[in-house]
Amino acid sequence: MQKNVIDKEHFKQGVKDCVKQLYRKTIEEASPQEIYQAVAHIVEEHVVDRWIATQKTINEKNAKIVYYMSMEFLMGRALGNNLINLCAYEEIKEALDELGLDLNALEDEEPDPALGNGGLGRLAACFMESLATLGYPAYGCGIRYRYGMFKQKIEDGFQLEAPDNWLKNGYPFELRRHEYSYEVKFGGYVRADKKDGETRFVQEGHQSVTAVPYDMPIIGYNNNVVNSLMIWDAEAVEVFGLEAFEKGNYQLAVEQDNLAKNLVEVLYPADNHVQGKELRLKQQYFFVSASLQRIIARFKKYNTKLSKLPDKVAIQMNDTHPTVAVAELMRILMDEEHLDWDDAWEITTKTCAYTNHTIMSEALEKWPVDIFKRLLPRIYQIVEEINRRFLLAIEVKFPGDQEKAKRMAILADNQVKMAHLAIAAGHSVNGVARLHTEILKERELHDFYKMYPKKFNNKTNGITQRRFLCHGNPLLASWVTKHIGDGWITDLSQMKKLEPLAEDAKEQKAFMEIKRQNKLRLAKYIKENNGIDVDPDSIFDVQIKRLHEYKRQLLNILHVMHLYNQLKENPSLKIYPRTFIFGAKAAASYRIAKLTIKLINAVAQVVNNDATIGGQLKVVFIEDYKVSNAEIIFAASDVSEQISTASKEASGTGNMKFMLNGAVTIGTMDGANVEIVEEVGVENAVIFGLSSDEVIQLEKTRSYDPVQIFNEDKDLAQVIAQLINGFYSPSNPELFRPLYNSLLNKLDTQYADTYFVLKDFHSYVAAQKKIEEAYADKDKWAKMAILNVARSGKFTSDRTIEEYVEDIWELDKIKVSLPE
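Just so you know, these numbers come straight off a predicted model, no measurement behind them.

Draft legend 1. Expanded view of the packing of aromatic side chains. With the rule as written, the count across this model stands at 22 aromatic pairs. Centre to centre, the rings of F634 and F658 are 4.8 Å apart; their planes meet at 80 degrees, and the pair counts as edge-to-face. Taken together, the residues span a long stretch of sequence, with F634 in helix α25 (residues 627-636) and F658 in helix α26 (residues 654-660) at a distance of 24 residues. Judged on exposure class, the residue F634 and its partner F658 are both buried.

Draft legend 2. Looking closely at the environment of N732. Relative to the assigned elements, N732 resides in the loop between α30 (714-721) and α31 (737-744). Overall, the relative accessible area of 35% leaves N732 in the partly exposed class. Through-space distance from the C-alpha of N732 to that of D713 is 26 Å; in sequence the pair is 19 residues apart.

Draft legend 3. Representation of the sheet that holds strand β13 (residues 366-368) in the model. The sheet built from 3 strands is open, its strands ordered β13-β15-β14 with antiparallel pairing. Looking at strand neighbours, the two that pair on one side only are β13 and β14 (411-412), the edges of this open sheet. Judged from the 2 bridges that link them, β14 and strand β15 (residues 415-417) form a sheet pairing that is antiparallel. Bridge assignment links A412 to a residue of β15, and that residue is Q415. The sheet strands contacting helix α17 (residues 418-425) are β13 and β15, and the helix crosses β15 at an angle near 45 degrees.

Draft legend 4. Focus on helix α10 (residues 274-302). In this model, α10 (29 residues) spans 43 Å end to end at C-alpha, consistent with the 42 Å of a helix rising 1.5 Å per residue. The buried count for α10 comes to 22 of 29 residues, which makes it a mostly enclosed element.

Draft legend 5. Summary view of the state of the cysteines. Applying the stated criterion across every chain yields a total of 0 disulfides. Unpaired in this structure, C126 has its nearest cysteine sulfur neighbour in C470, at a distance of 13 Å. Considering cysteine sulfurs only, C87 is the nearest to C470, which forms no disulfide, with 9.0 Å between them. Classification of C470 by relative accessible area gives buried; the value is 14%.

Draft legend 6. Summary view of the side chain of T210. Residue placement: T210 occurs in strand β9 (residues 207-219). Overall, the relative accessible area of 16% leaves T210 in the buried class. Those residues in contact with T210 that lie beyond four places of it in its chain are S181, Y182, D233, A234, E235, A236 and V237.

Draft legend 7. Structural detail: unusual backbone geometry. One non-glycine residue with positive phi stands out, namely S647, at about 90 degrees. Along the polypeptide, S647 turns up in the loop between β21 (639-642) and α26. Exposure remark for S647: the relative accessible area of 0% places this residue in the buried category. Positive phi outside glycine occurs at F756, with the angle close to 60 degrees. Within the secondary structure layout, F756 lies in the loop between α31 and α32 (757-776). Overall, the relative accessible area of 4% leaves F756 in the buried class.

Draft legend 8. Representation of the packing of α32 against helix α33 (residues 778-790). Where α32 contacts α33, the axes come no closer than 5 Å and their chain directions differ by 105 degrees. Here α32 is positioned roughly perpendicular relative to α33, judged by the angle of their axes. Facing I771, A774, Y775 and A776 of α32, the residues of α33 in contact are K778, K780, W781 and M784.

Draft legend 9. View of the pattern of salt bridges. Per the counting criterion, the structure on display carries 64 salt bridges. Between K598 and D156 there is a salt bridge, with the nearest N and O atoms lying 3.9 Å from each other. Of this pair, K598 sits in helix α24 (residues 591-608) while D156 sits in the loop between β3 (151-155) and β4 (158-162), and the two are 442 residues apart along the sequence. Look at K598 and you get buried, because its relative accessible area is 11%. Taking the shortest distance from any N to any O, the salt bridge between R280 and D271 comes out at 3.6 Å. Residue classification places R280 among the buried positions, given a relative accessible area of 18%. Beyond isolated ion pairs, a larger network of salt bridges with shared partners links K8, E9, K12, E94 and E98.

Draft legend 10. View of the pairing of β21. Where burial is concerned, the two faces of β21 agree: the one with V639 and E641 and the one with S640 and Q642 are both buried. With 2 bridges connecting them, strand β18 (residues 539-544) and β21 associate as parallel partners. In the sheet register, D541 faces β21, and the bridge partner there is V639. A crossover links β21 with its parallel partner strand β22 (residues 664-667), the connecting element being α26, and its sense is right-handed.

Draft legend 11. Structural detail: the pairing of strand β6 (residues 182-186). Only one face of β6 is covered, namely the one carrying Y182, V184 and F186; the face carrying E183 and K185 has none of its residues buried. When β6 meets β9, the two strands line up antiparallel, connected through 5 bridges. Residue pairing in the sheet places E183 in a bridge with T210 of β9.

Draft legend 12. Structural context of the sheet that holds strand β23 (residues 686-687). The strand order across the open sheet formed by 6 strands is β20-β19-β18-β21-β22-β23, and the pairing between neighbours is parallel. Either end of the sheet is taken by a strand with one partner, and the two such strands are β20 (617-621) and β23. As paired elements, strand β19 (residues 578-583) and β20 share 5 bridges and run parallel to each other. What sits directly across from F582, in β20, is F621.

Thresholds, definitions, all that
- Each chain carries its own residue numbering, running from 1 in the direction its sequence is written.
- Totals for whole chains, interfaces and linings use all residues, but because this is a predicted model, local features are given only for residues with pLDDT of at least 70 and pairs of side-chain atoms are given and counted only at 80 or more.
- Side-chain measures were taken over the full set of non-hydrogen atoms in the model, leaving aside hydrogen atoms and water.
- What counts as a ring pair is set by centres within 6.5 Å for rings of Phe, Tyr and Trp (its six-membered ring), and what kind of pair is set by the plane angle: stacked under 30 degrees, edge-to-face over 60, tilted for all other angles.
- Put simply, DSSP H or I for four residues or longer makes a helix, DSSP E for two residues or longer makes a strand, and each gets a number counted from the N terminus.
- Only protein chains enter the area calculation, which uses a 1.4 Å probe; residues under 20% of their type maximum are buried, those over 50% are exposed, and those in between are partly exposed.
- Strands are labelled as partners when DSSP assigns at least two bridges between them.
- Between two residues, a contact is recorded if the distance between any of their heavy atoms is within 4.5 Å.
- Comment: axis = line fitted to C-alpha atoms, over the contacting stretch for helices; angle = value between 0 and 180 degrees taken between N-to-C directions.
- The span you would expect from a helix comes to 1.5 Å times its residue count less one.
- Sulfur atoms of two cysteines make up a disulfide when they are within 2.5 Å.
- Small angles under 35 degrees read as roughly parallel and large ones over 145 as roughly antiparallel, with 65 to 115 read as roughly perpendicular and the rest as oblique.
- Whenever a carboxyl oxygen of Asp or Glu lies within 4 Å of a side-chain nitrogen of Lys or Arg, that contact is scored as a salt bridge.
- The handedness of a crossover follows from its direction of travel: if, with the strands pointing away from the viewer, the path from the first strand over the helix to the second runs clockwise, the crossover is right-handed.

So, in structure tokens, the structure goes:
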């Protein structure tokens with residue numbers, strides 16, 4: 001064991017010296033931000049030794065590396081997590097105490113790196129941390145966004161988007177690696193040269209940017225392994241055109257610089273116009289091309305035969321965003337390394353694998369051919385040839401089935417279908433929960449499954465317990481370690497040993513006191529940030545996730561409105577006090593989602609200020625939901641809202657974080673909820689609503705009529721009417737009309753109540769009543785909560801990564817030793 005890696009006295013002196021060198025100040029004069037920077041720099045010094053040793057070990061062994069390509073990496077703050085994985089958190093906390101400094105306060109000085117948005121990015125971050133902890137060589141490949149998606153502000157109940165300038169003070173946990181810069185080309189045309197009987201393709205008349213990587217360390221727990229997150233910044237090939245400037249052409253002088261800046265400004269620029277679509281495609285090609293150029297250069301440094309690339313490199317494409325990697329790898333192998341098509345294709349198909357993250361067909365990226373062809377002319381040629389050969393293979397497998405060929409084609413309907421490209425070229429296609437994978441095989445990607453049944457496999461998602469228990473919930477982590485030792489930190493299956501404590505009255509009380517302390521911490525955060533007083537003895541019922549109609553935040557707030565109506569109509573009614581907590585960002589152009597946020601805040605405004613209900617109901621919307629505030633929310637939650645329309649959520653990982661922290665799930669049998677219920681037992685969760693098969697059948701038959709439910713259900717009709725009668729928006733009664741219409745009126749693009757909110761409403765109300773009854777029985781609730789923790793072992797990302805390694809990547813572990 002390598003514990004106690006940082007000498008306390010040496011660290012204290014280092015912080016003082018660093019403050020002096022960086023800011024010409026004493027520690028007493030320095031600001032909290034300056035002290036944070038100094039502490040981070042000293043921690044980074046210890047990290048770098050391990051980083052160098054890890055790279056040396058990988059190089060000496062010529063070990064196979066997985067490159068995890070993702071548009072998002074939602075890392076969270078690094079300082080605390082790095083200290084935990086260095087096993088130095090308590091020592092550094094003590095050292096800072098002795099300097100009169102508070103580690104928790106310093107952690108609050110660190111911005112959340114704005115490199116992701118939701119579950120996709122957080123999963124990628126968990127995977128990177130698990131890879132390092134398990135000792136597998138890995139690089140994450142992404143973009144160094146300057147402003148991320150956006151910083152969410154709530155004004156008058158509405159979401160406003162502001163730039164998330166996370167780099168304004170510099171980021172101490174990154175290294176600029178200019179020596180690994182590469183040119184990435186857009187546009188122009190392709191010239192074919194014939195020489196010695198061979199045709200070579202050259203892209204000319206193009207625009208270029210320079211891709212510059214910044215490496216961030218990903219630290220394994222207590223094992224000296226430090227992998228790298230390689231995020232690409234864009235710089236102009238020629239920053240400033242002096243000649244153009246001197247001639248008065250000021251726009252042209254900075255054109256290249258603007259092209260580069262625009263590429264990395266924000267995550268997911270709005271794509272409801274041509275320029276937005278172009279920018280998204282450029283972003284994807286930019287980081288994929290740069291990453292692949294570095295991958296091939298690194299491979300050639302230690303290997304001679306490109307045919308051996310699949311033995312040394314695994315490329316995992318995280319959703320459809322990086323799937324242009326297939327064609328770019330073909331381009332490099334053919335145009336730069338001069339391999340023929342068949343050899344390049346064999347290498348590509350053995351190297352690339354694809355993770356599907358969605359059942360929603362509209363989320364499977366499709367690019368207009370005219371944009372794709374104009375921006376990536378050589379890549380489009382290669383995609384055309386892949387498609388031609390793929391259609392021939394379909395004809396061999398399914399002779400004469402033209403409809404199937406049209407459905408499966410990579411190029412069809414004047415679109416480039418990226419998921420189809422990934423499946424045709426990848427050697428593995430995985431879903432992220434068992435139900436999700438089955439739906440892909442039987443419905444969404446059924447044709448592909450019939451053609452390539454051996455490619456399809458499931459890898460149920462997981463989360464890292466180091467961040468979401470060790471760091472996010474230290475009180476519960478200490479309680480667990482006290483009873484079963486600390487082996488669970490790297491082997492979450494050991495949590496099973498906690499099961500006997502679920503029946504122990506003394507430990508039930510201790511567990512619930514820990515929960516209460518965490519609720520007090522969250523209540524303080526809510527008071528400071530929202531100005532709302534919440535009762536820590538109320539049920540903390542929490543839904544925090546990206547705002548989307550299928551996740552059904554609307555169903556949740558309609559139930560709150562129903563509860564409020566009951567309390568108003570029956571002044572003597574007593575319910576168990578409830579605090580409903582929401583946190584979510586809506587895409588800037590997603591009107592219905594943003595209106596749902598306004599509705600939640602409008603309900604909160606009414607409910608929270610109504611003294612007649614005696615504080616039995618509170619509603620809180622937490623602004624700017626992100627990893628750092630998520631950690632304290634998970635720790636404090638009693639109830640985990642996992643209420644997506646069955647068959648729509650691929651997996652979810654928030655459900656696992658809640659479970660690990662002792663929250664009880666109220667949910668549909670969707671995504672990973674199915675497996676959570678299997679593990680914890682149906683008696684320790686509350687399940688409601690349509691099944692995935694029932695949803696699929698209703699969608700197929702189009703037999704669902706929400707208007708009938710509205711007409712037959714007085715309580716529900718009252719709630720829905722309040723959307724348009726000014727009850728929650730007196731100054732503008734029509735404000736929530738689009739929400740009303742989405743539930744009751746058939747639109748051009750979709751049927752009314754597409755996500756079965758009204759259909760599941762009464763089942764949800766009944767489930768919420770069961771939650772209230774269970775919570776009122778303190779012993780029963782404590783048992784349910786403890787068993788959720790005890791049976792969370794399956795849902796560690798360590799398990800998921802081991803499955804990827806065994807079935808897809810075929811990596812070997814490394815052991816890293818530091819020089820004496």
